[in-house]
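Chains, contacts and geometry: an overview
Each chain, written out:
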Amino acid sequence: MNPALSQQLRNLAGLGVGLVAFMLYAVYFSPTQGWVFFFQLTVNGIILGSIYALIALGYSMVYGILKLLNFAHGDVYMIGAFIGFGVLTLLGGPLNPEIPVALLVLCMFVVAMLGSGFLGLAIERFAYRPLRDAPRIAPLISALGVAFFLENSALLLFGSQFRNYDGYDLISYNGIHVGGANGVFIQYLGVIVIVGAVLLMLALLALVRWTRLGKAMRAVSFDREGAAMMGIDPDRVIAATFFIGSALAGAAGVMFGLLFSQIYHLMGFLAGLKGFTAAVVGGIGSIPGAMLGGLLVGLIESWAKGYLNGNVSDLVVFGILIGVMLVRPSGLLGTPALQKV
Amino acid sequence: MRKYVVAALAAAGVAALATAAFGSTQSPSRANASASAATASVACGKTRTIGLAAPITGPAAAIGNQQVRWAKYYVKQWNAQKANKNKQIKVISGDTQLGVDTAFAVKVAKSFASNSKVLGVVGPAGSQEVVASTSSYKGGGLAFVSGSATRTTLTDGHTDGNRRGFFFRVVPNDSVQAPTVANYITGKLKAKRVYIIDDQETYSQGLANGVESRLKAKGVSTTRDSISQTASDFSSQIAKIPGNTQIIYIPWQLAPQAQAFGQQLKAAGKGSIKLFGSDGLFAPGTWKIAGSYDSFFPVDTNAGAVKAYVKAHHGDGEYFGAPSYVAAQVVVGAVTKACADGKASRAEVRKDIAKSKLKSSILGLPVSFTAGGDLKGGGFGVYQIQSNGSFKRIG
Amino acid sequence: MPENTPPTPEPAPAGIQIGVDQWVEQADERRQRRGVGGRIAHLWELLPPAGKLAFLTPAIIVPFLPFMNEGNLFNYGVFILIYALLALGLNVVVGFAGLLDLGYVAFFGFGAYIYSFLSGTHNEKSHIYTHHWSAQYSILLAVVICALLGLFLGSSSRRLLGDYLAIVTLFFGQAFVIFTNTTDPYGLTNGSNGLANVDPLNFRAFGHTLTINSVKGYYWFLLGCVVVVLIVLWCIAESRTGRAWKASREDPLAAEMMGMPVNRLKIMAFSLGAAIAGLAGSVFAAAQTGAFPQNFSTQVLILIYAVVILGGTGSLTGMIVGAIAIIATNQVLDSTSPPNNARVIFYVALVLGVVLTLRPSWKKIAVALVGTAVFGLALHAIVDAVWSRGTSGQVTSGGFLTGVIRHFVLLPTNPGRLAVYGYLLMIVLIIVVVQLKGWWRVIAFVPTLYLTAFVWENILVENPAVTRYVLFGALLIAVMTIRPQGLFGTAKVEIV
């Protein structure tokens, strides 16, 4: 077994032990005891984590190919949420939809994903491509600029009022009760989000594993010049990567809007940071790592809000990140970076 | 070696320059240029200027713009009167962006203070903004009259600073709001299990503390939690709320948050628990969870001015802004009185505001101020959100 | 000029130039200088640095003398100097040592909070803190603590490569804002209300007290600080440490081989940058008589970065010039400033932009500007005739340009959606203009300029506070893609 894989297995084992220990503590020893509460928080965490995982995938894919941390990704997520809201309002709004609800939701997703995908393409073309060979700082600062530009353009164009999806009014307030009326309650909307996220992630895995484009993406992320010599056009592959990553972020934006209703121009900032944390914790550059990281960040945030004070949950998430970075800089499922001399 | 010598000489030269400049600013007392603006008299002329500080943009923009519209409505009516032809009022607005950044309130305060034409200010809206911008207003000698800052300790003269003589408010404070809420919860609603969530701002924490202590004194079991003003995901906090809770008290400033919270509560299957808000959430159209309660200053809906406003704004009373009408009334009255002799200074305006006496106002009661700057008298009313989204007074 | 002189070389392409040695290239540039501009550049280079400083200092003071109105002096002068200090500090980390520090604003915040705590009075949660330390001690302690924090953060960079360092510092910055905003241990930070009753600068020694209470006083004090820091940094940049920083920035491995302790250098850079930020923070807290968590948000970080990038990383003069440019724009486009100043500056900047883009050819510039004017007037007349609601809007506080604007720009009564589409179309057109060349570019300029004026008058001028941030974001992108070395930096050349 190669050392990288054994390192990853050791990381996962450590993670598993930590999770089980926490579960036992939470259920039997914490001030708010009980399996039901724990599982309710876990379900909430998985739902939230699916959204973070979709955002983290975009970060991971772009970093894998370009070694670039795309700070503007969170804002693409925000624009996706606004596009979804626009479609919702155009087609009658949450209370009187003009077309069947299922079709409406599908429409929102498709339009938001396409819109964010094209936005990602444009960002890559104009803010990152000219800086392909520049020192590492340059595209990072350009990314900061794009993020700032997008946030404030959204503020300018859409105003500072929070917009409300009222997703529960659209779909349903009902859900599945597990374990009786006082058991764990999962809303239908939550189920839709999880299922949607899983489908998208499976589609991505299939793309990367079984299509030619996926092979090209893996090749370019491994060695760009070598891939070019083999007849792969790195520009097109990179553009496709950005499109897919941004489309996933757009889908995440619509999901967030449906679940938590409020969208505003700064929502991308915090969500982007957490998606970023997720990508790094899972091992940046690795797709399964991003999914694991996203789930983990969602769970930790949910547990922190449930067992600790609401104030410190963000700090806890960031603290975990810094801890993981210091102990395992390449993340849980990442490969340690080799510096060639 | 030579360049170090040159650099050292240059440093010495600049230090000498700076010391000379210091010499001219050294002073044992706190006299400074803007303090002189406080005592300086400004020629009044035909148009007098007042400042208006409110959150025009930002998450609290909904209520901020209501305050702006009501205040400007008063000024428009004042200017339209024939008797005021030579006593026109001009309003300069400053955007304090409540809920985004308290530092904006400070910037607005400083720009008003340094504009020698401004004689008095209406606003700011949030209690934390009052605390932050006090030293700027005091430094400029400006009086500021708020239509919505209700934290009790603002006027006690020592807790968050001393602003007596400068800060006034035309609404009753939280030492009135908290007992009203607590009495209604125990008396009318007869609730025994209450969950309290604050939004980590000073206004919210003050109110929550007040209500919590009073409820506990009456034997109600209370639990306390908090969220931040930037949070959208309340699922974990909602999971913590026991299913048999009767009332959730949410003294927040941002109505969209309350709306999202209510929806997520219902989605978690706990929709039967009633929400109870405070004056910051009085935003019909934004917060529309039917059946929720809200405490707010009583507005006399039969007053002529209120009826005219409602008519001019398509039937929407926008009552959150109504106290700003009264605040504008107070400031404009004081400015006009101080300008009676053709010249006015900010200190004069402050004195005239402190001595204001309005026999009646659209708030349904006469307006005069205590020594601390609080409104004399006045109470809070309890409203309930109807199924059509409007707020109806029920207590 | 005789026909066989070599043609003026094309402006250097962005990024790396292959095959040209930096010194040779600079010597070539110097020889190409012509005309009055060339003579002045030549004389400027002959001046010793102290002479340059002597020229720059009045250049900073003089423009502010007419603004000695308090409000303007505070908003412009004091803020420019504070941001200049911050930019100088960030320059040490990013420009000298080449480390991307995205949490820099946290040190600014620490300096402000420590000063506010030590020289103020506040009580929260029944803890009453009334220290009224003299400013010299509290500032000193703030600087020292920030330096130690910089040390601590820098030492975490040992195990982290460039990008990971950016991540960790970013989270450090975020954690600071969240920490001060939400948690309130022992009432130290007072949560989201910040610390409000902060003393002004009181220097107490040997029985005498020097109180800086007026805006002018702060302005002079900050000027002194900036000058002192400039001199210190210049000395360090010319010293062994400065050269070692530059070497480790260019190629850390080669520097390590040459015996430079690269890790220790990184930590020193962090520490020094943090110390300067601490100084800036303390004076800022005193000037504002308060410290609030949102004073140290990401927006401030982006502003500081805009200053550093525009000025040119590594260049001290650039920091000052960048600070003046960015903060002046920031203030002109503020919601409390009269909009007409912004309007004048906007149109001037637009014309300047056209001139700079189409530079050598006056014909092209003339065609572009005149073409836009004619296009605008014609379009306005047509729309006026066809659809009256398209032109009957109001010019927002027009001032003396109202007449011109009313005839030139389309002002629909209800801009709403139109303005939004116009904005998006404007971005598309700007991108198109950047891609085209030659006379196609000139032709594309005409609708683009007109649309920009339209968007300005209908959306941007009503929200100047947001417009400026949009501008700064676009500025960062533009500078990095077009001229990464900023105004005064040196272009990176790579010898292959």
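Residues numbered from 1 in each chain as written. Chains lettered and ligands numbered in written order. Predicted model: local features only at pLDDT ≥ 70, side-chain atom pairs only at ≥ 80, totals over all residues. Heavy atoms only, no water.

Brief notes about the overall build of chain C
Our working definition: We count a stretch as a helix when DSSP gives it H or I for four or more residues in a row; a strand needs E for two or more, and each element gets its number in order from the N terminus. The contact criterion used is simple: two residues touch if any of their non-hydrogen atoms lie within 4.5 Å. Areas reported as accessible are Shrake-Rupley estimates using a 1.4 Å probe. Residue values count occlusion only from the protein chains shown.
In terms of helices and strands, chain C carries 19 helices and 4 strands. Pairs at least 24 apart in sequence give 74% of the contacts found in chain C among residues at least 6 apart. For chain C, the computed accessible surface area is about 22,100 Å², with 68% contributed by carbon and sulfur atoms.

Structural notes on the sheet that holds strand 10 (residues 274-277) of chain B
Residues and elements named next belong to chain B. Where we set the bar: Whether two strands pair comes down to DSSP finding at least two bridges between them. Geometry is summarised by axes, namely lines fitted to C-alpha atoms with helices restricted to the contacting stretch, and by angles between N-to-C directions that run from 0 to 180 degrees.
Taken together, the 7 strands give an open sheet; going across it, the order is 8-7-9-10-11-13-14, and neighbouring strands pair in mixed fashion. With partners counted over all chains shown, the strands left at the sheet margins are strand 8 (221-226) and strand 14 (391-393), one partner each. Geometrically, the sheet is characterised by an average inter-axis angle of 25 degrees between neighbouring strands, direction not taken into account. Examined bridge by bridge, strand 7 (residues 193-198) and strand 9 (residues 247-250) share 3 bridges and lie parallel to one another. The residue bridging Tyr195 from the neighbouring strand is Ile248, located in strand 9. Running at roughly 165 degrees to strand 8, helix 7 (residues 202-217) makes contact with strand 7, strand 8 and strand 9 of the sheet.

Observations concerning the pairing of strand 3 (residues 201-205) of chain C
Along any regular strand the residues' side chains alternate between the sheet's two faces. All names here are of chain C. Here 5 bridges tie strand 3 to strand 4 (residues 208-212), and the two strands are oriented antiparallel to one another. Looking across to strand 4, one finds that Arg204 is bridged to Thr209. Between strand 3 and strand 4, which pair antiparallel one after the other, the connecting turn spans 2 residues, and Phe206 there sits at a positive phi close to 50 degrees.

Some words on the domain arrangement of chain B
Residues and elements named next belong to chain B. Keep this limit in mind: Where each domain begins and ends is defined by an automated method or by a domain database. Take the accessible area each of two parts loses on contact, using a 1.4 Å probe, and add the two losses: that sum is the buried area. Salt-bridge detection follows one rule: a side-chain nitrogen of Lys or Arg within 4 Å of a carboxyl oxygen of Asp or Glu. Charged means Asp, Glu, Lys or Arg here, nonpolar means Ala, Val, Leu, Ile, Met, Phe, Trp, Tyr, Cys or Pro, and polar covers whatever is left, Gly included.
Examined at the domain level, chain B breaks down into domain 1 (33-172 + 302-364) and domain 2 (175-296 + 382-393). A straight line from the C-alpha centre of domain 1 to that of domain 2 covers 30 Å. Between domain 1 and domain 2, the residue contacts involve 15 residues of the former and 15 residues of the latter. Buried surface at the junction of domain 1 and domain 2, summed over both partners, amounts to about 1,300 Å²; 58% is from carbon and sulfur atoms. Looking only at domain 1, the three residues that lose the most surface to domain 2 are Gln128, Arg151 and Phe320, adding up to 34% of its buried area. At the junction of domain 1 and domain 2, the tally comes to 0 salt bridges. Here the residues of the side of domain 1 that touches domain 2 sort into 7 nonpolar, 7 polar and 1 charged.

With respect to a positive patch on the surface
All names here are of chain A. Keep this limit in mind: For patch detection, residues must exceed 30% relative accessible area and be free of salt bridges, and they are connected within 9 Å for like charges or within 5 Å for nonpolar side chains (Val, Leu, Ile, Met, Phe, Trp, Tyr). His is not counted, nor are the chain ends; Lys and Arg add positive charge and Asp and Glu add negative charge. Positions of charges follow a simple convention, taking NZ of Lys, CZ of Arg, CG of Asp or CD of Glu.
Taken together, the side chains of Arg209, Arg212, Lys215 and Arg218 make up a positively charged region of the molecular surface. At 3 residues, helix 8 (residues 212-222) tops the list of elements feeding residues into the positive patch. As for its position among the elements, Lys215 is in helix 8.

Points about the interface of chain A and chain B
By a widespread convention, an interface's size corresponds to the accessible area lost as its parts come together. On the side of chain B, 28 residues touch chain A, which itself brings 29 residues to the contact. Counting each side, the surface lost to burial between chain A and chain B is near 2,300 Å², with a carbon and sulfur contribution of 52%. Taken together, chain A and chain B are joined by 1 salt bridge. Lys305 of chain A is the partner of Asp233 of chain B in a salt bridge, and the nearest nitrogen-oxygen pair spans 3.8 Å.

Quick look at the interface of chain C and chain A
As a reminder, the rule being used: The definition of a polar contact used here is a pair of N or O atoms within 3.5 Å, where within protein one atom must be able to donate a hydrogen and the other to accept one, and adjacent residues in sequence count solely through side-chain atom pairs.
On the chain A side, the residues contacting the 48 residues of chain C number 47 residues. Summing both partners gives a buried area of about 4,400 Å² for chain C against chain A, and 83% of it is carried by carbon and sulfur. Of all residues in chain C, the largest losses of buried area upon contact with chain A belong to Asp163, Tyr164 and Phe171 of chain C, amounting jointly to 16% of the total for that side. The interface formed by chain C and chain A holds 0 salt bridges in total. On inspection of chain C and its partner chain A, the count reaches 1 residue pair in polar contact (both at pLDDT 80 or more).

Regarding the pattern of salt bridges
Cut-off, in case you're wondering: Relative accessibility under 20% of the residue-type maximum defines a buried residue, over 50% an exposed one, and the middle range a partly exposed one, all with a 1.4 Å probe and only protein chains included.
Per the counting criterion, the structure on display carries 14 salt bridges over all chains. Between Glu301 of chain A and Lys274 of chain A there is a salt bridge, and its shortest N-O distance comes to 3.4 Å. With a gap of 27 residues between them, Glu301 of chain A in helix 12 (residues 287-307) and Lys274 of chain A in helix 11 (residues 267-282) connect regions that are remote in the sequence. We classify Lys274 of chain A as buried; its relative accessible area is 5%. Note that Glu250 of chain C and Arg249 of chain C form a salt bridge whose closest N and O atoms lie 3.3 Å from each other. A cluster of three or more residues bridged by salt bridges with shared partners is formed by Glu124, Arg129, Arg132 and Asp235 of chain A.

A few points about the confidence of the model for chain B
Here is the rule we go by: A score between 0 and 100, pLDDT records how confident the predictor is in each residue.
Confidence along chain B averages 81 in pLDDT terms, with 88% of residues attaining 70 or more. Within the model, the stretch residues 1-35 of chain B combines pLDDT values under 50 with 27 contacts to residues more than four positions away or in other chains.

Here's the deal with unusual backbone geometry
Here the residue pair Gly123 of chain B and Pro124 of chain B is connected by a cis peptide bond, since its omega of -10 degrees sits within 30 degrees of zero. Inspection of the secondary structure assignment puts Pro124 of chain B in the loop between strand 4 (118-122) and helix 5 (127-140). We note that Lys67 of chain A has phi near 55 degrees; this positive angle belongs to a residue other than glycine. Following the sequence through the fold, Lys67 of chain A ends up in the loop between helix 2 (35-66) and helix 3 (73-90).

So, the sheet that holds strand 2 (residues 47-54) of chain B
Residue and element names in this part refer to chain B. One open sheet holds the 5 strands; their spatial order is 3-2-4-5-6, and the pairing between them is parallel. Only two strands of the sheet have a single partner each, and these edge strands are strand 3 (88-95) and strand 6 (167-169). Taking the axes of each pair of neighbouring strands and ignoring which way they run, one obtains an average angle of 25 degrees across the sheet. In the sheet, strand 4 pairs with strand 5 (residues 144-146) via 2 bridges, with the strands oriented parallel. What sits directly across from Val122, in strand 5, is Val145. Against the sheet, helix 5 makes contact with strand 2, strand 4, strand 5 and strand 6, and its axis sits at roughly 160 degrees relative to strand 5, the strand it touches most.

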